[in-house]
Amino acid sequence: MGLTLAEKILLAHTDAEEIQPGEIVMVACDLVMANDISGSVAFREMARMGVTRVFDRSKVLMVADHFMPAKDVKSAELQRILKDWSGEQGVKFYDQGRGGIEHAVMVEDGWVVPGDVVAGGDSHTCTHGALGAFATGLGSTDIAACLAFGEFWQSVPGTIKVDFSGEKQPFVSGKDLILAVIAQIGVGGGTNHVLEFVGDGAAALSIDERLAVANLAVEAGSETGIFPADEVTREYLDGRATRDWVPQRSDPDARFARELDIELGSLGPLIAMPHSPGNVVSLDDAKGIPIDQAYIGNCSNGTMTDLRQAAQVFEGRKVHDRCRVIIVPASVKIYREALAEGLVDTFLEAGAIVSTPTCGACFGGGMGVLAAGEKAVATTNRNFKGRMGSPEAEVHLANSWVAAAAAVAGEIVDPAEVLGSVVA
Amino acid sequence: MSEVRVFEGRAIVIDQNNVDTDVLYPGAFLNIPDPELMKNHLFEGLDPTLRDQLVGDTVLVVGENFGMGSSREHVPQAMKAAGIQCVVGKSFARIFERNCVNLGLMIMTAPQAAGAANPGDMVRIDARASTVQVGDATFDARPLPAFMLEMIELGGLVPWARRRVAS
Ligand code: SF4
């Protein structure tokens, strides 16, 4: 019996000779990450474990990104702990202005290579599956053990194969592909499973788009979402990654728990309605909903690809009077690239604000939370009740073209209507 | 091997599926590192009045895919600090389940028991026998893998790690 990609990676990171879905194994980490929220609790628990030094300081990084810049004294304390601890341990620390949102920074600075096991104190660590890693989100105590021993326990997941076939339609992005998956299997449908994305439609995606797809794997309950590494991956990692890697894929006779076919030719932009990423409807069914705030950014859709899509809509147009727009480039590098390309000017001219890279309002932390009764469209990954502020606010998840078009129209609208006959 | 324990308490029932960790413990309070203070915000986005039922030993009874979303450990930390002895549910999201195990908070998948419990019912969990008793009725639970059971009985990942460091 052949192995899936996830099984191969896990097997290579355990002492076991073979592994079976459902079996609990200890998995070695190539990389351990935490942030200003998960970090301080993890450090405390590591100390309680009786361990004073991290297992390997070259495999650990800390990123201050959630309550960043600090919104109050408590948040500032968490960042100080993160910084001091990183200094004591001699591990890489991304401070304010040096990095950005953790998952964006890890990818663009070449921390992750295909075949890695990545343990992150953040549920969207699954993002790194875009590069062919088994990357998974863990709680703080788990991260404490990873910092101490370089290992975590893991029940071997099954794999759901997702076959994207055909060509993406205009104004469809990675966001829509993964929303289509969640719509089919539900927010718990991926539990104890990995999503593996294959097919010509998957191979055609850029790394930015793959990041958006893998990022929302956890929204289906999955351990991670993974793309087999290919030439697109190699091109992206050349000049970034310093470690060697070999491309791997699932064996032809690997056992999949389930197979899903998603035909891109018939897929239009999608919207996840309040209050669940699984509450997916077609753009047509959401048209006309008035919008008070558009939020373009976060770890799934704050890439250059997204900012260019948004700029295409905002170019020569104004944000509607009833609407506010917050644009959050996912990293300092992306911010500078957007600046150099003139996108920031386009956004400011349209009446949007451009935030420093931060998690901010994405999780209701600060920097643009919503008031009761407000409706937002966001390119983020979660629209749970109260996620971005008031529990009486409503968040609609969408891609960057759709979010920008809604900002211009003041309501959810087809970007094709805003852009006239211009085709993406 | 540590002693075998039975977990019991009065049921607090959340009769919904797909309850996310954002409503269980909203993001705005994630800058609180002390579990004793975290418990003041437990259930905040779902129904803060549920906190009124957190008297003495309690068992939280929940629906399907409970605890989905964020990896925030504040949820089970706050639950433990608030006296919740065990979470019994129809099914659980993966990170939430493992966070409970890592903190030594008993977590049982027992769909029938979860469907049968009413608020205030006495619930008794025998993890070794994989049974959940609700009032007078006894239901089967999904057996916990030996590794997870051992970790919970030991008190979680910290004591488990201390034992590893010692050996
Ligand atoms: S941007 Fe949002 S989803 Fe991404 S890591 Fe930050 S809080 Fe989490």
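Residues numbered from 1 in each chain as written. Chains lettered and ligands numbered in written order. Predicted model: local features only at pLDDT ≥ 70, side-chain atom pairs only at ≥ 80, totals over all residues. Heavy atoms only, no water.

### What to know about the packing of helix α12 (residues 304-314) of chain A against helix α13 (residues 332-340) of chain A
Residues and elements named next belong to chain A. Put simply, the rule reads: Orientation is described by lines fitted to C-alpha atoms, with helices fitted over the stretch in contact, and by angles between N-to-C directions that extend from 0 to 180 degrees. Segments assigned H or I by DSSP are reported as helices when at least four residues long, segments assigned E as strands when at least two residues long, and all are numbered from the N terminus. Should the near helix be turned anticlockwise from the far one by less than a right angle, the crossing is termed left-handed; should it be turned clockwise, right-handed. Two residues form a contact once any of their heavy atoms are found within 4.5 Å. Three categories are distinguished: nonpolar for Ala, Val, Leu, Ile, Met, Phe, Trp, Tyr, Cys and Pro, charged for Asp, Glu, Lys and Arg, and polar for the others, with Gly belonging to the last.
The geometry of α12 relative to α13 is characterised by a closest axis approach of 10 Å and an angle of 35° between their N-to-C directions. Between α12 and α13 the crossing geometry is right-handed. The segment α12 lies against α13, with M304, L307 and R308 engaging I334, E337 and A338. Tallied by class, the residues present in the contact of α12 with α13 amount to four nonpolar, no polar and two charged.

### Things to note about the interface of chain B and chain A
To be explicit about the condition: The term buried area means the drop in 1.4 Å probe accessible area that two parts suffer when joined, counted for both and summed. Should a side-chain nitrogen of Lys or Arg be within 4 Å of a carboxyl oxygen of Asp or Glu, the pair is scored as a salt bridge.
If you look at the interface, chain B gives 39 residues, while chain A gives 43 residues. Each partner contributes to the roughly 3,500 Å² buried at the junction of chain B and chain A, and carbon and sulfur atoms together form 59% of this total. When the area that chain B buries against chain A is broken down by residue, the three leading residues are N31(B), R94(B) and R98(B), summing to 20%. For the pair chain B and chain A, the number of links is four salt bridges.

### Structural notes on the site of the ligand
All names here are of chain A. Rule in force here: Whether a residue is near a molecule or strand depends on its heavy atoms: if one lies within 4 Å, it is near. The rule is simple: put a 1 Å grid over the protein atoms alone, call a set of points where a 1.4 Å probe fits but cannot get out a cavity, call an open set with protein on both sides within 12 Å along at least five of seven lines a pocket, and count a residue as lining if it has an atom within 4 Å of a point. To be counted as sitting in a cavity or pocket, a molecule needs more than half of its atoms within 2 Å of that site's grid points. Note that domain bounds follow an automatic or database assignment of domains.
Around the ligand, the neighbouring residues are H66, I101, H103, D122, H124, N298, C299, C359, C362, F363, N381 and R387. One can see that the ligand is located within the largest cavity. A breakdown of the residues in the shell around the ligand according to their chemical character gives five nonpolar, five polar and two charged. Looking at the shell around the ligand, you find at least three residues from each of domain 1 (5-263) and domain 2 (270-418).

### Re the sheet that holds strand β9 (residues 193-198) of chain A
Residues and elements named next belong to chain A. Put simply, the rule is: At least two bridges found by DSSP between two strands are what make those strands a pair.
One open sheet accounts for four strands, arranged β10-β9-β8-β11; its pairing is parallel. At either end of the open sheet lies a strand with only one pairing partner, and these are β10 (224-226) and β11 (258-263). With direction set aside, neighbouring strand axes in the sheet form an average angle of 20°. Bridge count between strand β8 (residues 158-165) and β11: six bridges; the pairing is parallel. What sits directly across from S165, in β11, is E263. Relative to the sheet, helix α6 (residues 174-185) contacts β8, β9 and β11, its axis offset from that of β11 by approximately 130°.

### Focus on empty space enclosed by the protein
Threshold: Grid points are joined across faces, edges and corners, and a volume is the space filled by probe spheres set on the points.
Under the counting rule described, the total for this entry stands at six cavities of 30 Å³ or more. Around the largest cavity sit 30 residues that line it, and N35(A), H66(A), D122(A), S123(A) and S70(B) are the ones nearest its centre. Residue assignment for the lining of the largest cavity shows that the elements contributing at least two residues are α4 (102-108) and α11 (298-301) of chain A. Class assignment for the residues of the lining of the largest cavity results in eight nonpolar, 15 polar and seven charged.

### What to know about unusual backbone geometry
Here M68(A) and P69(A) are connected by a cis peptide whose omega angle stands at -10°. Tracing the backbone through its elements, the reader meets P69(A) in the loop between β3 (60-63) and α3 (73-89). With an omega of -5°, the peptide bond running from P274(A) to H275(A) counts as cis. Secondary-structure assignment places H275(A) in the loop between β12 (270-272) and β13 (280-282). Non-glycine residue M367(A) carries a positive phi angle of around 60°. Position of M367(A) among the secondary structure elements: in the loop between β16 (353-354) and β17 (375-378). Of note, F43(B) is a non-glycine position whose phi angle comes to about 70°, a positive value. Structurally, F43(B) can be placed in the loop between α2 (35-38) and β2 (58-62).

### Here's the deal with α3(A)
Residues and elements named next belong to chain A. The criterion, for reference: To estimate the expected span of a helix, count its residues, drop one, and scale the result by 1.5 Å. Type-normalised accessible area, obtained with a 1.4 Å probe on protein chains alone, sets the label of each residue: buried when under 20%, exposed when over 50%, and partly exposed for intermediate values. Throughout, the arc means that of the directions going from the helix axis to the C-beta atoms.
Taking 1.5 Å of rise per residue, 17 residues should cover 24 Å, and α3 covers 24 Å from first to last C-alpha, within 8% of that figure. Within the sequence span of α3, burial applies to S75, L78, Q79, L82, W85, S86 and Q89. When α3 is viewed along its axis, its buried side chains cluster within an angular range of 130° and face the same direction. Those residues of α3 that are exposed and angled more than 90 degrees off the buried face are V73, G87 and E88. Buried positions along α3 lie against β2 (31-35), α2 (38-48), β3, β4 (92-94) and α5 (140-149). Phi turns positive, to about 70°, at G90, one or two residues after α3.

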